[in-house]
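Survey of secondary and tertiary structure
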Amino acid sequence: MSETHTGACLCGSVRFTARGSLRGVVYCHCSQCRRQTGHYYAATNVSNENLEVTGDENVNWYRASDFAQRGFCRTCGSALFWKRDDADYVSIMAGSFDAPSGLEGEVHIFVADKGDYYEITDGLPQKS
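1. Side note on the pattern of salt bridges
Evaluated as defined, the whole model comprises 3 salt bridges. Residues Glu52 and Arg19 are paired through a salt bridge, measuring 3.6 Å at the closest nitrogen-oxygen approach. Of this pair, Glu52 sits in strand E5 (residues 51-54) while Arg19 is found in the loop between strand E2 (15-18) and strand E3 (25-28), placing the two residues 33 residues apart along the sequence. Taking relative accessible area as the criterion, Glu52 reaches 42% and is therefore assigned partly exposed. The class of Arg19 is partly exposed, set by a relative accessible area of 38%. A salt bridge links Arg63 to Asp85; its shortest N-O distance comes to 3.0 Å. With Arg63 in the loop between strand E6 (59-62) and strand E7 (68-73) and Asp85 in the loop between strand E8 (79-84) and strand E9 (89-93), this residue pair connects regions lying 22 residues apart in the sequence. Its relative accessible area of 28% is what places Asp85 among the partly exposed residues.

Written out as structure tokens, the structure is:
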């Protein structure tokens with residue numbers, strides 16, 4: 001997908017524009033993602049050079065592991081970004097894009113760690 005996509009947090013304090021190719025949506029079922037969001041993460045990727053953030057002073061970064069951090073709006077708490085240290089891309093939460101997003105699901109990851117209150121039945125590949 002090569003068009004421009006925009007999005008924001010719930011309160012609008014953080015807005016972003018993603019240009020260029022976006023990866024299909026990866027659904028992460030790890031316990032950290034579930035604890036941060038109350039369910040599982042659904043995210044795409046964009047290269048660092050193709051992401052413009054307005055209101056980035058309202059983004060707090062939380063280091064949840066020794067190799068990555070999670071960005072969220074300091075005003076409304078919306079989960080927005082996940083960034084591996086020294087990566088040339090940033091993951092953006094799929095639900096934060098304005099409609100129509102054009103995004104499509106690609107794969108479920110960390111399914112061995114998924115919550116016990118739901119099943120994955122969409123037919124997408126699943127990785128432990």
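Now, onward.
2. Let's talk about the packing of aromatic side chains
Going through the model one piece at a time under the given rule, you end up with 6 aromatic pairs. For the ring pair Tyr27 and Tyr40, a centre distance of 5.9 Å and an interplane angle of 85° mean the geometry is edge-to-face. Within this pair, whereas Tyr27 is found in strand E3, its partner Tyr40 is found in the loop between helix H1 (31-37) and strand E4 (41-47), the two being separated by 13 residues in sequence. For Tyr27, a relative accessible area of 17% gives the class buried. Between the aromatic rings of Tyr40 and Tyr118, the centroid separation amounts to 5.6 Å while the plane-to-plane angle is 40°, which identifies the pairing as tilted. Of this pair, Tyr40 sits in the loop between H1 and E4 while Tyr118 sits in the segment after strand E10 (105-109), and the two are 78 residues apart along the sequence. On the basis of relative accessibility, which here comes to 26%, the residue Tyr40 falls in the partly exposed class. Aromatic rings pair up to connect Phe16, Trp61, Phe81 and Phe97 into one cluster. Its guanidinium or amino end placed over the ring of Tyr41, Arg70 lies 5.1 Å from that ring's centre, counting from NZ or CZ. The ring of Tyr118 is capped by Lys114, whose NZ or CZ atom sits 4.6 Å from the centre of that ring.

Cut-off values and rules
Residues numbered from 1 in each chain as written. Predicted model: local features only at pLDDT ≥ 70, side-chain atom pairs only at ≥ 80, totals over all residues. Heavy atoms only, no water. Salt bridge = Lys/Arg side-chain N within 4 Å of Asp/Glu carboxyl O. Helix = DSSP H or I, 4+ residues; strand = E, 2+ residues; numbered from the N terminus. Buried < 20%, exposed > 50% of the residue type's maximum accessible area, 1.4 Å probe, protein only. Phe/Tyr/Trp six-rings, centres within 6.5 Å; stacked < 30°, edge-to-face > 60°. Lys NZ or Arg CZ within 6 Å of the ring centre and 35° of its normal.

Worth remembering: the numbers are spatial, not functional.
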